Amino acid sequence: MTRRSTRPGGRRGGFEAPAPKPYDFVPFASRMDRARPPGHEGFHLDGHLSGRLEYELMARSHVHVSSGNYALSEDLGLEPGEVIRSCYRVTVDGRSTPAVPGSSLKGAIRAIAEAVSPSCVRVTRVNWRQLPRALSRSCPDRRQPDEYCPACAIFGAMSRLGRVSFGDALLVEGKTALYRLPALYRPRERQARRAYLDQQGNFKGRKFYFHGRRADHEGARFEVIVEGSRLAGALDFTGLKPAELGLVLFALGLDGSFRPMLGGGKPVCLGAVELVPRSLALVTGESFTDYDSGDRILAGTTLDDFVRGHIEEATVRKVILGPQRDRLRQILDPDNPRLAPTGMY
């Protein structure tokens, strides 16, 4: 049903106008780069970087990553008497601990990396004919079976092991609570063609949700990790070129210009997170040849300079594309003052 109004939020014929869309699009890259990444049969040190980044994940809004199960609220230490969708949890020292799974982190960070780099459109339900011709072949391609776009080379593809892996981020400070979420549905690009397609009938780009202020909703209650909670996590990387590592560091939001979003409830401003790097252990050649030598540990201002330098390297090497980067920053601006939609949009 089409809803019309003389002004935003107005009425005509007893119907409310739908709220503005809570998302926008990062335009597709005009090209896709492909190269042959190093394999996993050896450890690459010459011109490549390997190591582990440890970070804190700060919940800047409520975060809900579902366990996929229902639970009694009293079994989770919450208000009794409800059957709810529980958060993902892991068992640590015999205790059930709320967490954000590494797979969710990896998916959210990969989506950002794909959007700002000359990478393929790997997973989609849409018609390929409505995507840019340059991106119409996903990795691997039968004509170039050993060459991959930047995102697939880093995060992996069919029959190709990624060179970045994320562990679960475990709650170390904070709590969970019950929060009402409205009924949310999968994207319906065929019913919302004006929102998804340009004037030529092609898809506008990669979709991201805006940050904003939460609103009160009617609906089922879910368990969420509450805003202000702190989680601890780590990611490992192997055989990345400096520009590839710079792309990963940017996608994590470590330049401070945006905040990633993950989990459920993104249309209503849930899932905003900030990653704060704590230490970076770089594997060196001496780690293998000298018993008394360990990894090179970076922290504090040294780590900040390392992050800044590698993001700049990725920008100079055109692994991070300027127009796509700038549009992503606008959409994922953490200071967006808008109020989350409370009805149809």
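Residues numbered from 1 in each chain as written. Predicted model: local features only at pLDDT ≥ 70, side-chain atom pairs only at ≥ 80, totals over all residues. Heavy atoms only, no water.

Orientation of helix H1 (residues 102-116) relative to helix H4 (residues 242-251), taken along the N-to-C sense of each, is 120°, at an axis distance of 9 Å. Looking at the two axes, H1 sits oblique to H4. Crossing of H1 over H4 shows right-handed handedness. Every residue of H4 that contacts H1 at Ile-109, Ile-112, Ala-113 and Val-116 is listed here: Leu-247, Phe-250 and Ala-251. Here the residues of the contact of H1 with H4 are counted per class, giving seven nonpolar, no polar and no charged. (Axes fitted to C-alpha atoms, helices over the stretch in contact; angles between N-to-C directions. Helix = DSSP H or I, 4+ residues; strand = E, 2+ residues; numbered from the N terminus. Parallel < 35°, antiparallel > 145°, perpendicular 65-115°, else oblique. Left-handed = near helix turned anticlockwise from the far one by under 90°. Contact = heavy atoms within 4.5 Å. Nonpolar A, V, L, I, M, F, W, Y, C, P; charged D, E, K, R; others polar.)

A rise of 1.5 Å per residue sets the reference length of helix H6 (residues 300-316), with its 17 residues, at 24 Å; its end C-alpha atoms lie 25 Å apart and thus fit the reference within 8%. Three or more residues of H6 are buried, namely Leu-303, Phe-306, Val-307, His-310, Ile-311 and Ala-314. The buried residues of H6 occupy one face: seen down the axis, they fall within an arc of 125°. Away from the buried face of H6 by more than 90 degrees, exposed residues Thr-301, Arg-308 and Val-316 are located. (Expected span 1.5 Å × (residues − 1). Buried < 20%, exposed > 50% of the residue type's maximum accessible area, 1.4 Å probe, protein only. Arc of directions from axis to C-beta.)

A separate point is the nonpolar core. Ranked by size, the top nonpolar core spans 79 residues in total, and within it Leu-57, Val-100, Phe-166, Phe-237, Leu-249, Leu-252 and Leu-328 carry the most contacts. With residues up to four places along the chain from it excluded, the contact list for Leu-57 reads Val-100, Leu-105, Ala-169, Ser-229, Arg-230, Leu-231, Val-273, Glu-274 and Leu-275. One finds Tyr-179, Phe-222, Val-268 and Leu-270 within the second-largest nonpolar core, a separate group that totals nine residues. (Core = buried A, V, L, I, M, F, W, Y, C linked by side-chain atoms within 4.5 Å.)

A word on the packing of aromatic side chains. On inspection of all chains with the given rule, the structure shows five aromatic pairs. Between Tyr-23 and Tyr-209, the ring centres sit 5.8 Å apart and the planes meet at 85°, which makes this aromatic pair edge-to-face. Highlighted residues: Tyr-23 in strand S3 (residues 23-27) and Tyr-209 in strand S12 (residues 205-209), separated in sequence by 186 residues. The exposure classification of Tyr-23 matches that of Tyr-209, with both residues buried. Taken together, Tyr-23, Phe-25, Tyr-196 and Tyr-209 form an aromatic cluster joined through their ring pairs. Cation over ring: Arg-85 sits above Tyr-70, and NZ or CZ is 4.4 Å from the ring centre. When the ring centre of Tyr-23 is taken as reference, the NZ or CZ atom of Lys-207 above it lies at 4.1 Å. (Phe/Tyr/Trp six-rings, centres within 6.5 Å; stacked < 30°, edge-to-face > 60°. Lys NZ or Arg CZ within 6 Å of the ring centre and 35° of its normal.)

Below, the discussion takes up a nonpolar patch on the surface. Together, Tyr-70, Leu-72 and Val-83 give the surface a local cluster of nonpolar side chains, amounting to about 330 Å² of exposed area. Structurally, Leu-72 is set in strand S5 (residues 66-72). By relative accessible area, which is 39% here, Leu-72 ends up partly exposed. (Patch = residues over 30% accessible without salt bridge, like charges linked within 9 Å, V, L, I, M, F, W, Y side chains within 5 Å. Areas by Shrake-Rupley, 256 points an atom, 1.4 Å probe, with all protein chains shown as cover. Salt bridge = Lys/Arg side-chain N within 4 Å of Asp/Glu carboxyl O.)

For strand S7 (residues 89-92) and strand S8 (residues 95-100), the ladder comprises four bridges, and the chain directions are antiparallel. Its bridge partner lying in S8, Val-92 is registered against Arg-95. The hairpin turn running from S7 into S8, its antiparallel successor, is two residues long, and Asp-93 in that turn takes a positive phi close to 55°. Sheet topology note: the S8/strand S10 (residues 169-173) ladder contains two bridges and is antiparallel. Pairing of Val-100 across the sheet is with Ala-169, part of S10. (Pairing = 2+ DSSP bridges.)

Let us now look at the packing of H4 against H6. It is at 7 Å that the axes of H4 and H6 come closest, and there the two elements cross at 110°. Classified by the interaxial angle, the pair formed by H4 and H6 is roughly perpendicular. Crossing angle aside, the handedness with which H4 passes H6 is left-handed. Each of Pro-242, Ala-243, Leu-245, Gly-246, Leu-247, Leu-249 and Phe-250 in H4 lies in contact with H6, whose residues at this interface are Phe-306, Val-307, His-310, Ile-311, Glu-313 and Ala-314. Of the residues in the contact of H4 with H6, the class split is 10 nonpolar, two polar and one charged.

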